[in-house]
Amino acid sequence: MHPELNDRARIVALMLPSVLMLGVFFLLPVVAMATFSFRAGSFGAERQVLSLDHYREFLANEAFLRLLGRTIFMALETSILCVILAYPVAYFLAFGAGERRFFLLTLILAPAWTSFLLRVLAWKLILGSGGLVSSALLSLGLISEPSPILLYSRSAVIVALVYSWIPFVALPIFAGLDRIDRSLFDAAADLGCPPWKTFLRVTLPLSLPGVGAGFFFVFIPTLGEWVTPALVGGVGGTMYGNIVQDQFVRALNWPMGSLMSLAMFLVMLALVLVLGRFRHLLPLEGM
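All of these numbers come straight from a predicted model, not from anything done at the bench.

A.B. asks: Mind showing me how you'd approach the overall build of the chain here?
C.D. replies: Each helix and strand counted, the chain has twelve helices and zero strands in total. Listing each helix as α and each strand as β along the chain from the N terminus yields α-α-α-α-α-α-α-α-α-α-α-α. Here the C-alpha atoms of the chain give a radius of gyration of 24 Å, more than 25% beyond the 19 Å that 2.2 N^0.38 yields for 287 residues. Dimensions of the chain, computed from C-alpha atoms along their principal axes, come out at roughly 80 × 75 × 35 Å. Burial analysis of the chain (287 residues in total) assigns 36% to the buried set. Restricting the contact set of the chain to residue pairs at least 6 apart, pairs at least 24 apart contribute 67%.

If you want it as structure tokens, here you go:
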């Protein structure tokens, strides 16, 4: 057999299990969801009737569209904050921690080994009336009585999400920084490049793949988040995923829930494609 055909067959054999798993557990549910969005109802005879009424209702409902836009903005804000806060941590681990870097990285990832639900509930206690923040402000005389600080608000959702996702953002950024050839820094110094300019022209551009991976690690799941806003968001922190969950569980309107999920998926896919190309527009190489 020709060597190229042998290599191709080996690649296909290695990819086949992942492709099959992706098709069964991702593509088929998406197709089923898209098909169900055309049903007139969730149960009985209406389930067998095709209709576009849910599409008309969704497009005419400004509250749904506004909440989707608000959720996109919150996901972008959360992702950007995670990158900003995680980058210095990853930079220190890559260039300043020395032999302790993997130990420190393990400590950073350790909270992620606990339940996500427990971590969110911890923030609910911290921001609540008897929590750490309220007690500290009460002892400082800044408030006269215990009260929830930031709890049941949009800010509480973002704080809890940023805390939960920072380790997962620091990891790919650290991997990207750790792969940079250190001789490039020596070459830049020999050419008279100051440290800040070396960072902008060498370190930052070469770490962008890790930054992009970390950004999407947060952005994609946050766009469909509903657990965190349900626990610490209240009415002011409601996200699009909460309304989707209500359509399935409370309203039992599965066609509308499927349509809303499909709309969120398509918006997420479009944003990922746009943001994936955005880094090529950054004017770093001309600095």
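A.B. asks: Help me understand the nonpolar core, please; the structure alone is not making it clear to me.
C.D. replies: A general trend in soluble globular proteins is that nonpolar side chains are found buried together. Ranked by size, the top nonpolar core spans 57 residues in total, and within it Phe58, Val232, Tyr240 and Met260 carry the most contacts. Counting residues per element, the ones that place at least two in this core are helix H3 (62-95), helix H4 (101-109), helix H5 (116-127), helix H7 (154-178), helix H9 (195-223), helix H10 (227-233), helix H11 (240-249) and helix H12 (254-278). If near-sequence neighbours (up to four positions away) are discounted, tyrosine 240 is found in contact with Phe58, Phe64, Leu67, Leu68, Thr71, Met260, Ala263 and Met264.

A.B. asks: Looking at this model, I keep getting lost on the side chain of serine 153. Mind explaining?
C.D. replies: Secondary-structure assignment places serine 153 in the loop between helix H6 (132-139) and H7. Setting aside anything within four residues of it in sequence, one finds serine 153 in contact with Val232, Gly233, Gly236 and Gly237.

A.B. asks: Just checking my understanding: could you explain the packing of aromatic side chains for this structure?
C.D. replies: Aromatic ring pairs: the centre-centre distance and the angle between the two ring planes describe each pair. Applying the stated criterion across every chain, the model contains 13 aromatic pairs. Consider the rings of tyrosine 87 and phenylalanine 199, whose centres lie 5.9 Å apart with planes at 90°: the pair is edge-to-face. Here tyrosine 87, found in helix H3, pairs with phenylalanine 199, found in helix H9; they are 112 residues apart in sequence, far enough to count as distant. By relative accessible area, tyrosine 87 is classed as buried at 10%. Centre to centre, the rings of phenylalanine 95 and phenylalanine 185 are 5.5 Å apart; their planes meet at 75°, and the pair counts as edge-to-face. Of the two residues, phenylalanine 95 is situated in helix H3 and phenylalanine 185 in helix H8 (residues 183-190); the sequence distance between them amounts to 90 residues. The partly exposed category is assigned to phenylalanine 95, whose relative accessible area is 27%.

Reading guide: rules and limits
- For every chain, the first residue of its written sequence is number 1, and the numbers climb from 1 along that sequence.
- Whole-chain, interface and lining totals are the exception, using all residues; otherwise, since this is a predicted model, local features are given only for residues with pLDDT of at least 70 and side-chain atom pairs are given and counted only at 80 or more.
- Computation of side-chain values: all heavy atoms of the structure, hydrogens and water removed.
- Helix and strand assignments follow DSSP, with helices taken as H or I runs no shorter than four residues and strands as E runs no shorter than two, numbered in order from the N terminus.
- In this setup the radius of gyration rests on C-alpha atoms only. A globule is expected at 2.2 Å times the number of residues raised to 0.38.
- Type-normalised accessible area, obtained with a 1.4 Å probe on protein chains alone, sets the label of each residue: buried when under 20%, exposed when over 50%, and partly exposed for intermediate values.
- By the convention used here, residues are in contact when the closest approach between their heavy atoms is within 4.5 Å.
- Among the buried residues, those of types Ala, Val, Leu, Ile, Met, Phe, Trp, Tyr and Cys that are joined through side-chain atoms within 4.5 Å form a nonpolar core.
- Only Phe, Tyr and Trp rings take part, Trp by its six-membered ring, and two of them pair if their centres are within 6.5 Å. Stacked means planes under 30 degrees apart, edge-to-face means over 60, and tilted covers everything else.

Any functional reading would require information that these geometric values do not contain.
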